[in-house]
Amino acid sequence: MERMAYLKDVVTLDLNEEKCVDCGMCSEVCPQAVIAVNAIGRAWIQDRDACMECGACSRNCPTGAFSVEAGVGCAAAVINSMLGRSDAPCCGPIESCGQTVDQKKSSCC
Amino acid sequence: MCQPDCNTKESESCKSGRGKVSIILPVILQQREPCEIQAGLPGHNQPFVVGSIETPVGAAPKVAAVLTWHDKWGTVKARWGVGRMDYTVEPGLYALGNPDNESRVLVTANYKMTFDRLREALPGRDAWLLVLDTKGINVWCAAGKGTFGTEELVRRIKMSGLERVVAHRELILPQLSGPGVAAHLVKKFSGFKVKYGPIRASDLPAYLEAGLIATPEMRLKAFTLRERVALIPIELVAAFKAALLLMLVFFFLGGLGGPAGYMANLMNYGGFAVIAILTAIISGAVLTPVLLPLIPGRAFSLKGCVVGVVAVFFLLIMRNPDLYFWPGRLEALSWLLLVPALAAYLAMNFTGASTYTSLSGVKKEMRIAMPLEIAAGIAGLGLWLTSRFIA
């Protein structure tokens, strides 16, 4: 079956190829085969629309060559944050250990 | 489920903290120490622990690759949302089989379902399982939130005494922990080299056999029919919780107005309202996930709307309302608006469970879909109430 595709031309992913050090970590961690490397290991974006903005590439790039507004594409979470319920757990309990109430509220998910 | 259904919207402090991890990590490692309760090795009194293995840092709990009926029942319950928020194993180092100081170290999350998927994928193998404290959240969602992150991994390596348990300095992480873990920083702060394994635990044997080489297929997150079906129960439970009140309100309002008595109307109009809302739930939370790649459109709300429109046509054909008079017309029209709107809303919520939606895309989709869903909902409700009172 063909891979499922989400909306076109919305993704914030960008690559500064001048910073690339050819380590290949970005293409290794990308779960959507967005990034490929050429014969010498130089990264390039082969399928930007497939990017889900998980941020794995930028997190694992030792030189910060990637920029992406990483987040999770989850409508329920967006609604929660719009309603100011960022503390509403949608996928699990919130860490309470040693945190103040304020910190709890700001904790993600 | 979170699957990526976690809160996207991370606080600013959370975000900036993640960005500056290389600078603040050593400070955090010192500061967080008093907060940690579970230092050392995890408890042996957990039901899935089958023995213990002596290590230089003490007796490590031993687990088996074979799941018991109790483990499997736990998975079923979690899929239906029962006890799902507190389905955890204690973080720390576990022995799978009989590992020694040359055995592989596999890192995972402390969501019990995740832990079970990992060990059941490795029958007959000896390995160390380093379980991070992800607050009972699966790997991908925890990585998105940063709890399956560089900081926790480095801290857990130190706390577990892993450096003394194994002679090598290599860890195998699930690929989907990539959003939270910076491999180069783990190496810098702990000395351990991170190798990203396959996405699916079930690919681990092949990955290990190949000498830690993953095929392109192992690196690509699919969203198979089987996976989508597995998510239906939790979607249904959430939809029912939200729609229960709605169904009750429609049901009892259904009795009002019209020539017949309250009870007769209740069963007729109120009863149909409940069936129509159930149809919307089935359309948005069951049919849309199952048929996802086959339904036209890219936006999830559009897909849900399409299914809702088809479903409500079938429903109205069976209902066969009296379209010669206004009450029948308005009632039919109200459901033509309400069912697709509700189905679209529920389908939109499935973005969180899906594996390929970006936050930017979801926000764009919501900017267009939410006002339409709300408008259709209000208009539909107004028409339906009108149909009851002019009847």
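Residues numbered from 1 in each chain as written. Chains lettered and ligands numbered in written order. Predicted model: local features only at pLDDT ≥ 70, side-chain atom pairs only at ≥ 80, totals over all residues. Heavy atoms only, no water.

Structural notes on the domain arrangement of chain B
All names here are of chain B.
Okay, so step 1: Domain parsing of chain B yields domain 1 (12-209) and domain 2 (225-389).
Okay, so step 2: A separation of 41 Å is found between the C-alpha centroids of domain 1 and domain 2.
Okay, so step 3: Taken together, the contact between domain 1 and domain 2 spans 7 residues of the former and 7 residues of the latter.
Okay, so step 4: Note on domain 1 versus domain 2: buried area summed over both sides is about 600 Å², and carbon and sulfur give 64% of it.
Okay, so step 5: Its largest share of buried area at the contact with domain 2, domain 1 owes to Arg79, Trp80 and Trp140, together 75% of the area lost on that side.
Okay, so step 6: A salt bridge links Glu227 to Arg200; the shortest N-O distance between them is 2.7 Å. (Domains from an automatic or database assignment. Contact = heavy atoms within 4.5 Å. Buried area = accessible area lost by both parts, 1.4 Å probe. Salt bridge = Lys/Arg side-chain N within 4 Å of Asp/Glu carboxyl O.)

Topic: the side chain of Asn265(B)
Okay, so step 1: Structurally, Asn265(B) is set in helix H12 (residues 262-291).
Okay, so step 2: For Asn265(B), the contacting residues outside a window of four places in its chain are Gly254(B), Gly255(B), Leu256(B), Gly257(B), Gly258(B), Ala260(B), Gly270(B) and Arg388(B). (Helix = DSSP H or I, 4+ residues; strand = E, 2+ residues; numbered from the N terminus.)

Considering helix H3 (residues 75-82) of chain A
Okay, so step 1: Looking only at H3(A), the buried set comprises Ala75(A), Ala77(A), Val78(A), Ile79(A) and Asn80(A).
Okay, so step 2: Of the residues trailing H3(A), Gly84(A) is marked for its positive phi of about 75 degrees. (Buried < 20%, exposed > 50% of the residue type's maximum accessible area, 1.4 Å probe, protein only.)

Considering the packing of helix H6 (residues 150-160) of chain B against helix H8 (residues 183-190) of chain B
Residues and elements named next belong to chain B.
Okay, so step 1: Running from N to C, H6 and H8 point in directions that differ by 30 degrees, and their axes come no closer than 10 Å. Overall, the two elements H6 and H8 adopt an arrangement that is roughly parallel. For the pair H6 and H8, the sense of crossing is right-handed. Counted together, Thr150, Leu153, Val154, Ile157 and Lys158 of H6 and Leu185, Val186, Phe189 and Ser190 of H8 form the full contact between these two elements.
Okay, so step 2: For the contact of H6 with H8, the residue count by class is 6 nonpolar, 2 polar and 1 charged. (Axes fitted to C-alpha atoms, helices over the stretch in contact; angles between N-to-C directions. Parallel < 35°, antiparallel > 145°, perpendicular 65-115°, else oblique. Left-handed = near helix turned anticlockwise from the far one by under 90°. Nonpolar A, V, L, I, M, F, W, Y, C, P; charged D, E, K, R; others polar.)

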